[in-house]
Amino acid sequence: MHGEYKVPGGKLVVVDLEIKDGALSDVRVSGDFFLEPPEVLDAINDALTGLPADADDARIAAAVQACLPADAELFGFSPEAVAVTVRRALT
Amino acid sequence: MSERTQWNDYQWELLHGAPQSPELHMALDAVITDEVGAGLRPPTLRIWEWSQPAVIIGRFQSLKNEVDPQGAARHGVKVVRRVSGGGAMFVEPGNTITYSLSVPQALVQGMSFQQSYEYLDAWVIQALHDLGIKAWYQPLNDIASESGKIGGAAQARRAGAVLHHVTMSYDIDAEKMVQVLRIGREKLSDKGTTSAKKRVDPLRSQTGLERDVIIERMLQTFRGLASLTPIPLSQATLEKAQTQARDKFSTPEWTAQVP
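Residues numbered from 1 in each chain as written. Chains lettered and ligands numbered in written order. Predicted model: local features only at pLDDT ≥ 70, side-chain atom pairs only at ≥ 80, totals over all residues. Heavy atoms only, no water.

1. Here we look at the overall build of chain B
For the record, the criterion: Secondary structure elements follow DSSP: runs of H or I of four or more residues count as helices, runs of E of two or more count as strands, with numbering from the N terminus. Each radius of gyration reported is based on C-alpha atoms, and the globular scaling rule is 2.2 Å times the count of residues to the power 0.38. Exposure is judged per residue with a 1.4 Å probe applied to protein chains only, and the accessible area is read against the type maximum: over 50% gives exposed, under 20% gives buried, and values in between give partly exposed. Residue contacts are counted whenever heavy atoms from the two residues lie within 4.5 Å of one another. Here the Shrake-Rupley method, with its probe set to 1.4 Å, supplies the accessible areas, and only the displayed protein chains count as covering residues. A residue counts as positive if it is Lys or Arg and as negative if it is Asp or Glu; His and the chain ends are not included. One atom stands in for each charge, and that atom is NZ of Lys, CZ of Arg, CG of Asp or CD of Glu.
Of the regular secondary structure elements, chain B holds 9 helices and 11 strands. Against the compact-globule benchmark of 18 Å for 259 residues, chain B has a radius of gyration of 17 Å, which places it among compact chains. Principal axes of the C-alpha set define a box for chain B whose edges measure 45 × 45 × 35 Å. Within chain B, buried positions represent 57% of all 259 residues. The contacts in chain B between residues at least 6 apart in sequence include a share of 75% that link residues at least 24 apart. Entry remark: accessible area of chain B is about 10,600 Å², with carbon and sulfur atoms responsible for 50%. Taking the average location of the 28 positive side-chain charges in chain B and that of its 28 negative ones, the two points are 5 Å from each other.

So this is what it looks like as C-alpha cells:
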C-alpha cells in the first residue's frame, strides 16, 4: 500500500506499507524532505511498525514524535505529516 | 554556544577541476566536508563538472519512486544517491551549474535550517541579480525567478561541518528529464503547475551567456565576501574519495538503501 502527501510549503512524504494481522508492517517512509541525523529514518520506520491499522492521526504522530532523539531535526515535514501519509496509504 | 564566524574570517579554497564520475562527486562532497569539519582544510567552494549524465537522488528518496530505470538505461544515465536530503535531479555534462560549499558549523551557528539555506546562497542570488535575473530564495530550498525555478539546494550536517550544495539548470533537456525521473502529481500539488517541464527555467535562456561566463561572475561575487584561492585536488583527498566511491557510493546497498 502506498501513500503520498506534499506538505503545503514543505516537502513530499511517501509511505509504503503492508498490513499483517491488523497491524502496520514493512513500513517504509521516504521523500524529498531533510532529516538529521539521517539514521532517524530507521527509527521512524520502526516506530510505525506494529501500530494498529485503525490508529488515528494523533496516535500515529505521537508514535513518530516519541521515537525522535533530542537532537533530531525535521525540515520540510513533521510527525503529523507522516501520520497523514500513513492514513493515505491505508485508504 | 560558541560565536558565529563570518565569511571573511576564513581563507576559502576553490576546487574546480576536470569532469568526474557521479559516484566520485558524491564521495568528494563527503570527504571534503569531513576534512573541513576536522579542521584539516579551510571552507571550500567546489564547482562540479560531470563526466556523464546522472540522476542524483536525495538521501531519503525511494529509488523506484524517483527513477525510471528503462529511461535511465536508454539515455546512459548513471543513478546515484547523495548524502543530503531533498529531491532528485537530472544532469548532463555542461547543462547545470552545480557547486558545493563545505563550511564549518560555526559559520551558521545559531541559525535555523531555513536561515542557513538562505544565508549560504545569498551571494548566488546577488550574482544572479548582477547578471540581470530577478532571482530570489524560495523556501524551503529553491532558487526561483519570475519565469520559473532555477535551482535547488540541499544540506547535510556532518561532524562540525555543513555541506550545502546547489544545482542550477543551465540548459536542461526537459523532455529527457521526464523520461528519466518519475515526477508525480502530488509533488506538484502546491506548486501552481501540473507539469515538471514547466517548472525549470534554465540560466541560458535568461542570460544568453556561456556557462563558464556565469560561473566566473559567480566567483567574482563570492570574492566580494571573502578571499578564494583556486587549488588542485590533493592526491590524498582524491584517493579517500575514490575509496568511498568504490566501497559505498557505487554500491546497490547504498543507492537502493531506500528501495
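Picking up where we left off.
2. Looking at the interface of chain A and chain B
Here is the rule: Accessible area that two parts lose when put together, with a 1.4 Å probe and added across both, is what the buried area reports. We define a salt bridge as a side-chain nitrogen of Lys or Arg found within 4 Å of a carboxyl oxygen belonging to Asp or Glu. Throughout this description, a polar contact denotes any pair of N or O atoms lying within 3.5 Å of each other; where both atoms belong to protein, one of them has to be capable of donating a hydrogen while the other can accept it, and for residues adjacent in sequence the pair is counted only when both atoms sit in side chains.
At the interface, 27 residues of chain A touch 26 residues of chain B. Surface buried jointly by chain A and chain B totals about 2,100 Å² across both partners, of which 61% is contributed by carbon and sulfur atoms. On the chain A side of the interface with chain B, the three residues burying the most area are Lys-6, Phe-34 and Phe-75 of chain A, jointly 31% of the side's total. Inspection of the region where chain A meets chain B yields 0 salt bridges. If you look at where chain A meets chain B, you find 6 residue pairs in polar contact (both at pLDDT 80 or more). Breaking the side of chain A that touches chain B down by element, the ones donating at least two residues are β1 (2-6), β2 (12-20), β3 (23-31), β4 (34-36) and β5 (73-75) of chain A. Here the side of chain A that touches chain B gets 4 residues from one element, more than from any other, and that element is β1 of chain A.

3. As for the packing of aromatic side chains
Each aromatic ring pair is specified by the distance between its two centres and by the angle formed by the two planes. Convention followed: In this scheme Phe, Tyr and Trp rings, the latter by its six-membered ring, pair at centre separations within 6.5 Å, and the angle between planes marks the pair as stacked below 30 degrees, edge-to-face above 60, and tilted otherwise.
The tally for this structure, following the rule as stated, stands at 14 aromatic pairs over all chains. Note on Phe-75 of chain A and Phe-113 of chain B: the rings are 5.7 Å apart at their centroids and 70° apart in plane angle, and the pair reads as edge-to-face. On the criterion of chain membership, the pair formed by Phe-75 of chain A in strand β5 and Phe-113 of chain B in helix α4 (residues 113-130) is interchain, its members lying in two chains. By relative accessible area, Phe-75 of chain A is classed as buried at 8%. Ring centres 5.2 Å apart and planes at 15° place the aromatic pair Trp-7 of chain B and Trp-12 of chain B in the stacked group. By the burial criterion, Trp-7 of chain B is buried, and Trp-12 of chain B matches it.

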